[in-house]
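What the coordinates show
Here is what each chain is made of, one letter per residue.
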Amino acid sequence: MPATVQTLDEGRYALAGTLTVDTVPALWPQIEATVVHGREIRVSCAGVTHADSAAVACLVEWARLARVQGGSLRAEDLPEVMRVIVEVSDLEEIFP
């Protein structure tokens, strides 16, 4: 399943599908469009079926873009493989 970003509600999005080094770059135009000045962004990762470190890097960059615009990003429902990458990379403060 290809990677997708679905709008759930204003400021709420869902990542789904395979998020890898091969699929994440295609998401950037959609991700950049979600970042609005001062907005809190919530991203559910419940629909992610396969992920590698590029998935976590994607969330880190998305959070950085949000902060630059005065907003924030909260990732929810991270699959176990993403949670492990977050822990090993010492990123728990970004993704509690």
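For the structure, check the block above.
The following refers to the structure shown. Because the structure is a prediction, the values reported are computed rather than measured.

1. Let's talk about the pairing of strand E1 (residues 4-9)
When E1 meets strand E2 (residues 12-19), the two strands line up antiparallel, connected through 5 bridges. Along E2, the bridge assignment pairs Asp9 with Arg12. Count of turn residues in the E1/E2 antiparallel hairpin: 2 residues, of which Gly11 carries a positive phi of about 80 degrees.

2. Focus: helix H2 (residues 53-68)
The end-to-end C-alpha distance of H2 is 23 Å, a good match for the 22 Å that 16 residues give at a rise of 1.5 Å each. Those residues of H2 that are buried are in contact with E1, E2, helix H1 (28-34), strand E3 (40-51), strand E4 (72-76) and helix H3 (80-88). Structurally, the start of H2 carries an N-cap: the backbone nitrogen of Ala54 is 2.8 Å from a side-chain oxygen of Asp52. Where H2 terminates, the next one or two residues include Gly70, which has phi positive at roughly 85 degrees.

3. Comments concerning the pattern of salt bridges
The full count for this structure, using the stated rule, is 2 salt bridges. Linking Glu76 and Arg42 is a salt bridge whose minimum nitrogen-to-oxygen distance equals 3.0 Å. Remark: Arg42 occurs in strand E3 and Glu76 occurs in strand E4; sequence separation between them is 34 residues.

4. Considerations on the pairing of E2
Judged by how many residues are buried, E2 sits mostly within the fold: 7 of 8 residues are covered. Bridge analysis of E2 against E3 gives 7 bridges, and the strand direction is parallel. Following the sheet pairing, Thr18 is matched in E3 by His50. On the question of chirality, the crossover connecting E2 to the parallel E3 by way of H1 is right-handed.

5. A word on the nonpolar core
The biggest cluster of nonpolar side chains holds 31 residues, and the ones touching the most others in it are Leu15, Leu59, Trp62 and Met82. At the level of elements, E2, E3, H2, E4 and H3 are the ones that each hand at least two residues to this core. Here the element with the most residues in this core is H2; it accounts for 9 residues. Those residues in contact with Leu59 that sit more than four places away from it in its chain are Leu15, Val43, Cys45, Leu73, Ala75, Met82 and Phe95.

6. So, the sheet that holds E4
Pairing is mixed in the open sheet, where 4 strands are placed in the order E1-E2-E3-E4. With one partner strand each, in any of the chains shown, E1 and E4 form the two edges of the open sheet. The average angle at which neighbouring strand axes cross in this sheet is 25 degrees, direction not considered.

Procedures and definitions
Residues numbered from 1 in each chain as written. Predicted model: local features only at pLDDT ≥ 70, side-chain atom pairs only at ≥ 80, totals over all residues. Heavy atoms only, no water. Pairing = 2+ DSSP bridges. Helix = DSSP H or I, 4+ residues; strand = E, 2+ residues; numbered from the N terminus. Expected span 1.5 Å × (residues − 1). Contact = heavy atoms within 4.5 Å. Polar contact = N/O pair within 3.5 Å; in protein donor to acceptor, adjacent residues only side chain to side chain. Salt bridge = Lys/Arg side-chain N within 4 Å of Asp/Glu carboxyl O. Buried < 20%, exposed > 50% of the residue type's maximum accessible area, 1.4 Å probe, protein only. Right-handed = clockwise from strand over helix to strand, strands pointing away. Core = buried A, V, L, I, M, F, W, Y, C linked by side-chain atoms within 4.5 Å. Axes fitted to C-alpha atoms, helices over the stretch in contact; angles between N-to-C directions.

Coordinates in, geometry out; function isn't part of it.
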